[in-house]
Amino acid sequence: MSTPSSRKPDPTAETADALDSAVAPNRAAASKDPAIPAISIQGLVKSFGNVEVLKNIDLEVMPGQVVCVIGPSGSGKSTLLRCVNMLEEPTAGKIFVGEHEMTDPDVNIDQARRSIGMVFQQFNLFPHLSVLQNLTVAQMKVLKRSKSSAEQTARKNLERVGLAHRETAFPAQLSGGQQQRVAIARSLSMDPDLMLFDEPTSALDPELVGEVLAVMKGLVREGMTMMVVTHEMAFARDVADRVVFMDGGYIVEEGSAERVIGDPQHERTQAFLARVLNPTSVEEGDEFVAAPKPPAGQALPNPALDTHGNAFG
Ligand SMILES: Nc1ncnc2c1ncn2[C@@H]1O[C@H](COP(=O)(O)OP(=O)(O)OP(=O)(O)O)[C@@H](O)[C@H]1O
Ligand SMILES: [Mg+2]
């Protein structure tokens, strides 16, 4: 496991340092027991109907580790992440998050999910609530915090993402990057032990990507356990303790960022990275085509408010 000091020099260090000063470095706090994996995925299989989209996945994330998941569209990255907090129910296999077995039918799933923050590509903020209210609603509903205690936690986390001055704004008054930072602050307000990120910057205009990555780097420096699906290879190289390359529902290759991104062994990893790192090299007939989205009627589960206050839809 890397320590913050062993990580690579950080091109956004200035911003990350500023953010860092708002969050006391506290790697130990990220783990209750450093010997117990934060996430342990064992023989995970997930099928939608007859289609097996995750095929016997084994993966472990130790407390304080940052694991970046890369791979072509349709390879199963989001499904893997969603299985971790049981937004998708695995077809076979076991998933442990800390001491909770998520796949145990008797687990208190709401309680188990509370230790997991999740940030999606879409920010899923409530448009009719202010920034502050977006951060307090789930704290009060789910954690039963008083309004003043929820607001105190919310303000601390807005400061953490550099948005203390925008608490009265409504989502529509913010840029995409700011909205995503609010979504991160909202997740942090639930005091998660680990954070799952599913392409948190891919809906953003290029000039807004950096501010969100800087916030995420601040969390890495703080010692947050993170599993991040991303196409930002420079980010993965900078922060990941481990990079996992998925294709066709399998983990094809995993290892250090230097190894997987810098010196990929498998030809599918090589082909994927060639395309991602040099998109203009894609030629007609190349095999990495966008996966078909599920038909509208079979869209992803759609609860109004999950345990982290994420509005879906
Ligand atoms: N709810 C669903 N019902 C049916 N099929 C689904 C559902 N969700 C995902 N799939 C299929 O499972 C496969 C894996 O999808 P997933 O979204 O996990 O891929 P991904 O690697 O995250 O892709 P992307 O990079 O485009 O986000 C795809 O073929 C997708 O069409
Ligand atoms: Mg996805």
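All of these numbers come straight from a predicted model, not from anything done at the bench. (Residues numbered from 1 in each chain as written. Chains lettered and ligands numbered in written order. Predicted model: local features only at pLDDT ≥ 70, side-chain atom pairs only at ≥ 80, totals over all residues. Heavy atoms only, no water.)

*Asks:* How would you explain the pattern of salt bridges if you had to name every residue and give the values?
*Replies:* Enumeration according to the criterion identifies 11 salt bridges in this entry. Between Asp247 and Arg268 there is a salt bridge; the shortest N-O distance is 2.2 Å. Residue Asp247 is located in strand 9 (residues 242-247), and its partner Arg268 is located in helix 10 (residues 267-277); the two are separated by 21 residues in the primary sequence. By relative accessible area, which is 9% here, Asp247 ends up buried. According to the relative accessible area criterion, Arg268 is partly exposed, its value standing at 30%. (Salt bridge = Lys/Arg side-chain N within 4 Å of Asp/Glu carboxyl O. Helix = DSSP H or I, 4+ residues; strand = E, 2+ residues; numbered from the N terminus. Buried < 20%, exposed > 50% of the residue type's maximum accessible area, 1.4 Å probe, protein only.)

*Asks:* I'd like a description of the sheet that holds strand 5 (residues 100-101), backed by residues and values.
*Replies:* Within a sheet, each strand pairs with its neighbour through backbone hydrogen bonds, oriented either parallel or antiparallel. Within the open sheet, the 4 strands sit side by side as 2-1-4-5. Their pairing is antiparallel. Because the sheet does not close on itself, it has two edges, and the strands there are strand 2 (51-61) and strand 5. Pairing of strand 4 (residues 92-97) with strand 5 involves 2 bridges; the strand directions are antiparallel. Following the sheet pairing, Val97 is matched in strand 5 by His100. Sheet strands touched by helix 2 (residues 77-84): strand 1 (39-48), strand 2 and strand 4. Its angle to strand 1, the strand with the most contacts, is close to 120°. (Pairing = 2+ DSSP bridges. Contact = heavy atoms within 4.5 Å. Axes fitted to C-alpha atoms, helices over the stretch in contact; angles between N-to-C directions.)

*Asks:* Report on the environment of Ala169, specifying residues and quantitative values.
*Replies:* Its location among the elements puts Ala169 in the loop between helix 5 (147-160) and helix 6 (176-188). Taking the C-alpha atoms as reference points, Ala169 and Leu132, separated by 37 residues in sequence, lie 8.2 Å from one another. The residues contacting Ala169, other than those within four sequence positions of it, are Ser130, Val131 and Leu174.

*Asks:* So, the sheet that holds strand 9: which residues are in play, and what are the values?
*Replies:* Here 6 strands make up an open sheet; going across it, the order is 6-7-8-3-9-10 and the pairing mixed. Pairing within the sheet leaves two strands with one partner each, and these edge strands are strand 6 (116-119) and strand 10 (250-255). Pairwise comparison of adjacent strand axes, ignoring direction, gives a mean angle of 15° for this sheet. Relative to strand 9, strand 3 (residues 66-70) is paired through 4 bridges, and the arrangement is parallel. Bridge pairing in strand 9 places Ile70 opposite Phe245. Relative to strand 9, helix 10 is tilted by about 95°, and along the sheet it contacts strand 3, strand 9 and strand 10.

*Asks:* Report on the packing of aromatic side chains, specifying residues and quantitative values.
*Replies:* Counting across every chain of the model gives 1 aromatic pair. Each ring, one from Phe245 and one from Phe272, has its centre 5.3 Å from the other, and the planes form 40°; the classification is tilted. Remark: Phe272 occurs in helix 10 and Phe245 occurs in strand 9; sequence separation between them is 27 residues. For Phe245, a relative accessible area of 0% translates into the label buried. (Phe/Tyr/Trp six-rings, centres within 6.5 Å; stacked < 30°, edge-to-face > 60°.)

*Asks:* I'd like a description of the pairing of strand 7 (residues 194-198), backed by residues and values.
*Replies:* Within strand 7, 5 of the 5 residues are buried, which leaves the element mostly enclosed by the surrounding structure. Neither face of strand 7 is open: one carries Leu194, Leu196 and Asp198, the other Met195 and Phe197, and all of them are buried. Bridge count for strand 7 against strand 8 (residues 225-229) is 5 bridges, and the pairing is parallel. In the sheet register, Leu196 faces strand 8, and the bridge partner there is Met227.

*Asks:* Could you give an account of the pairing of strand 3, with specific residues and numbers?
*Replies:* Within strand 3, 5 of the 5 residues are buried, leaving the element largely enclosed by the surrounding structure. Of the two faces of strand 3, the one carrying Val66, Cys68 and Ile70 and the one carrying Val67 and Val69 are both buried. Two elements, strand 3 and strand 8, share 4 bridges in a ladder whose sense is parallel. Residue pairing across strands places Val66 opposite Met226, the latter belonging to strand 8.

*Asks:* Before we move on, can you summarise the nonpolar core with the specific residues and values?
*Replies:* Cys68, Ile184, Met195, Phe197, Met216, Met226 and Val243 are the most contacted members of the largest nonpolar core, which has 46 residues in total. When residues in this core are grouped by element, the largest group, 8 residues, is from helix 7 (residues 206-222). Setting aside residues up to four positions removed in sequence, Met216 forms contacts with Ile184, Phe197, Pro200, Met226, Val228 and Phe235. Judged by nonpolar contacts, the second largest core, of 29 residues, contains Val69, Met86, Ile95 and Val97. (Core = buried A, V, L, I, M, F, W, Y, C linked by side-chain atoms within 4.5 Å.)

*Asks:* Could you give an account of the confidence of the model for the protein, naming the residues involved and the relevant values?
*Replies:* This prediction gives the protein a mean pLDDT of 84; 79% of its residues lie at or above 70. Taken together, the stretch residues 1-31 has pLDDT below 50 and engages in 58 contacts with residues farther than four places along the chain or on a different chain. Predicted confidence is poor over residues 287-313, with pLDDT under 50, and the contacts of this stretch with residues over four places away or in other chains come to 53 contacts. (pLDDT = per-residue confidence, 0-100.)

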